[in-house]
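Observations on the three-dimensional arrangement
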Amino acid sequence: MDRDHLINQRLNVPDELPSTMQLNAQRQLKHFLTVETLSPLLLEEILDRAESFVTQPNRIQKQYSLLQGKTVMNLFFENSTRTRTTFELAAKRLSADVFNLDIRTSATSKGESLLDTIRNLEAMNIDIFVVRHQHSGTANFIARYCAPHISVLNAGDGHHAHPTQAMLDMLTIRQHKPSFQPLKVAIVGDILHSRVARSQIHALSILATGEIRVIAPKTLIPIGIEDLGVRPENIYSDIDQGLKDVDVIIMLRLQKERMQAALLPSEQEFYKFYGLTEERLKLAKPDAIVMHPGPANRGVEIDSRVADGKQSVILNQVTNGVAIRMAIMSMVMQTQQQEQTRIAI
Ligand code: NCD
């Protein structure tokens, strides 16, 4: 079996790198691959740092030059609008140089192995790889094999994880609700194919959220969801029951591109039974907030009047996406700088 074949096979392994390896010996963030295994303290630190970027948008401040002289490479093997753009903006706001590798015209599409592509990019002195890939485990794989001075940020890998999305969602919740402990949070829709839902459940559990509910047809709930931190009594297939008295509603997109079988009768049926309408929203607490990671399918999982309504915080999520990515990039680069100083002495 040749090396490339082995590499490609390995990409299907979700946990190529133990997620604890995203921290260095001092337990500082070196890569950002998943929120799983991170401490509540570290999550709070990320949120606090991101908040400082939201509340002090004055770019003259010192923290805006944290990535001066650094190079960030966006490696997006899957389509993206919000995530890629906000990573790019975040890097630029921190004064980094940013490159977006166009995968369609790159040598990877000519059959070059992922590892060879990475080796070549490394030779151009890159400091951060931002990776999105359709296979679970890709960001972990790159983190394991790239040079030690490079940090890898997971921008979504298969069904596995989307940690920066989960963190920007946590920031949005924290801006609207005083504490996570008393909250009832409902995640609605295609949980089965959603890396966002997995990362959100991990983050909400770490932050000690009172009740994490999932609402979906049985065919769209992954087996073993209880192991992620959802109690069996909080799994609902009836949306009207599941939305009762919740503080936060997170709608998910139907990931048709990932569905391998007919898991749903039709989009119209889905909307009828699971779409978030104005009527259904009234079942939640009157001050409940409505979230969606985007891209949203209006009329499939969410009514336009709700998506654009006064309880919607969907655009706040996008704004927070820049701040969270600035926080993560500045943290991993500080870790790298401290490591290099340690090596030098
Ligand atoms: C999500 C993703 O790509 O996982 N979108 C995003 O990052 N904003 C969710 C989705 O595609 O539905």
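The sections below set out a description of the structure shown in this document.

Rules used throughout
- Residues numbered from 1 in each chain as written.
- Predicted model: local features only at pLDDT ≥ 70, side-chain atom pairs only at ≥ 80, totals over all residues.
- Heavy atoms only, no water.
- Helix = DSSP H or I, 4+ residues; strand = E, 2+ residues; numbered from the N terminus.
- Buried < 20%, exposed > 50% of the residue type's maximum accessible area, 1.4 Å probe, protein only.
- Contact = heavy atoms within 4.5 Å.
- Areas by Shrake-Rupley, 256 points an atom, 1.4 Å probe, with all protein chains shown as cover.
- Axes fitted to C-alpha atoms, helices over the stretch in contact; angles between N-to-C directions.
- Parallel < 35°, antiparallel > 145°, perpendicular 65-115°, else oblique.
- Left-handed = near helix turned anticlockwise from the far one by under 90°.
- Nonpolar A, V, L, I, M, F, W, Y, C, P; charged D, E, K, R; others polar.
- Phe/Tyr/Trp six-rings, centres within 6.5 Å; stacked < 30°, edge-to-face > 60°.
- Near = heavy atom within 4 Å.
- Polar contact = N/O pair within 3.5 Å; in protein donor to acceptor, adjacent residues only side chain to side chain.
- Domains from an automatic or database assignment.

Turning our attention to the overall build of the chain. Tallying secondary structure elements over the chain gives 13 helices and nine strands in all. Across the 345 residues that make up the chain, the buried fraction comes to 55%. Here the analysis covers contacts within the chain between residues at least 6 apart in sequence; of these, 75% occur between residues at least 24 apart. Put simply, the chain shows about 15,300 Å² of open surface, and 52% of that area lies on carbon and sulfur atoms.

The N-to-C vectors of helix H6 (residues 163–176) and helix H7 (residues 195–206) enclose an angle of 50°; their axes lie 8 Å apart at closest approach. Between H6 and H7, the crossing angle belongs to the class labelled oblique. Considering how the two elements wind past one another, H6 and H7 form a crossing that is right-handed. In this structure, H6 contributes Pro163, Gln165, Ala166, Asp169, Met170 and Ile173 to the contact, and H7 contributes Val196, Ser199, Gln200, Ala203 and Leu204. Class assignment for the residues of the contact of H6 with H7 results in seven nonpolar, three polar and one charged.

Bringing the packing of aromatic side chains into the picture now. Considering all chains together, one arrives at three aromatic pairs under this definition. Aromatic side chains phenylalanine 53 and tyrosine 64 sit 5.6 Å apart centroid to centroid with 80° between the ring planes, which places their arrangement in the edge-to-face category. Remark: tyrosine 64 occurs in the loop between helix H2 (40–55) and strand S1 (71–76) and phenylalanine 53 occurs in helix H2; sequence separation between them is eleven residues. Taking relative accessible area as the criterion, tyrosine 64 reaches 5% and is therefore assigned buried.

We now examine the site of the ligand. Looking at the ligand, the residues that line it are Arg82, Thr83, Arg132, His162, Gln165, Arg195, Val196, Arg253, Gln255, Pro293, Gly294 and Pro295. Residue threonine 83 places a side-chain N or O atom 3.0 Å away from an oxygen atom belonging to the ligand. Glutamine 255 has a polar side-chain atom sitting 2.9 Å from an oxygen atom of the ligand. The protein chains hide 94% of the 320 Å² of surface that the ligand would expose on its own. Going through the elements one at a time, helix H3 (82–93) and H7 are the ones with two or more residues in the shell around the ligand. Residue composition of the shell around the ligand, grouped by class: three nonpolar, five polar and four charged. Built from parts of two domains, the shell around the ligand gets at least three residues from each of domain 1 (3–162 + 319–344) and domain 2 (163–314).

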